[in-house]
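Below, each chain spelled out in residue letters.
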Amino acid sequence: LEMMLESRDQRRRMRDVLDHLPAAICLKDLKGRYQLVNREFEALVDADADGILGKTDFDVFPREQAERFRADEKNALETGQEIEKEHGLEWEGTLHTYRTYQFPLRRPDGSAYAVCGVYLDITESRRKDEALNKFRRQVWHTDRVASTGAISASLAHEICQPLAAILNNAQAGLRFL
């Protein structure tokens, strides 16, 4: 009984930790069925854990997206490596960009028993990067316009000065004549 209570307490603590992370996290068995999800993942798919657990990506996401996630998971299992990709997901009526990480969980003997998925919403970061790049382009354009104006003024001065000297010399020559 004490071991059962301790195990239940450990699961509750793990769930508390996962629920406070700013990333959507899920754990799937080798057949792709959800075994564990955190609150952020529940919000991502707009369902509670009871509506997700035991289901696959094909039950939760549109078919095309589910196929991409499943391909990433299979790749992670086959290579034994973490697979990092970016995916667009529609959430709350707008398209969000997610950086996804899929990696196998292994037993001590090295065999995989599950796949873990971590999904980070990088949409806002991308928007800020795009705004910053737009601002930089505007600054560069303003700098080029200012540089062109300075060069134009310098050229005008360099051209006008000899022309003024020629004109003065021509007028002096006319007076002498």
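Residues numbered from 1 in each chain as written. Predicted model: local features only at pLDDT ≥ 70, side-chain atom pairs only at ≥ 80, totals over all residues. Heavy atoms only, no water.

Moving on, we come to the overall build of the chain. When helices and strands are tallied, the chain shows 6 helices and 5 strands. The dimensions of the chain, computed from C-alpha atoms along their principal axes, are 125 × 30 × 30 Å. Classification of the 177 residues of the chain by burial places 27% in the buried group. Considering only contacts within the chain whose residues lie at least 6 apart along the sequence, 36% involve residues at least 24 apart. (Helix = DSSP H or I, 4+ residues; strand = E, 2+ residues; numbered from the N terminus. Buried < 20%, exposed > 50% of the residue type's maximum accessible area, 1.4 Å probe, protein only. Contact = heavy atoms within 4.5 Å.)

Take the pairing of strand β5 (residues 112-121) next. Counting buried residues in β5 gives 7 out of 10 residues, a clear majority hidden from the surface. Here strand β1 (residues 24-28) runs beside β5; their pairing, made up of 5 bridges, is antiparallel. In the strand pairing of β5, Ile 25 is matched with Val 118. Here strand β4 (residues 94-106) pairs with β5 via 9 bridges, running antiparallel. Paired with Pro 104 across the strands is Val 115, a residue of β5. (Pairing = 2+ DSSP bridges.)

What follows is about the packing of aromatic side chains. Inspection of the entire model under this criterion finds 5 aromatic pairs. Ring centres 5.1 Å apart and planes at 75 degrees place the aromatic pair Phe 61 and Phe 69 in the edge-to-face group. A relative accessible area of 0% means that Phe 69 is categorised as buried. Summarising the aromatic geometry, the rings of Phe 69 and Tyr 119 are spaced 5.3 Å apart at their centres and angled 70 degrees between planes, so their arrangement reads as edge-to-face. One end of the pair, Phe 69, is in helix α5 (residues 63-79); the other, Tyr 119, is in strand β5, and 50 residues separate them in sequence. Here a set of aromatic residues connected by ring pairs shows up, and it is made of Tyr 34, Phe 41, Phe 61, Phe 69 and Tyr 119. (Phe/Tyr/Trp six-rings, centres within 6.5 Å; stacked < 30°, edge-to-face > 60°.)

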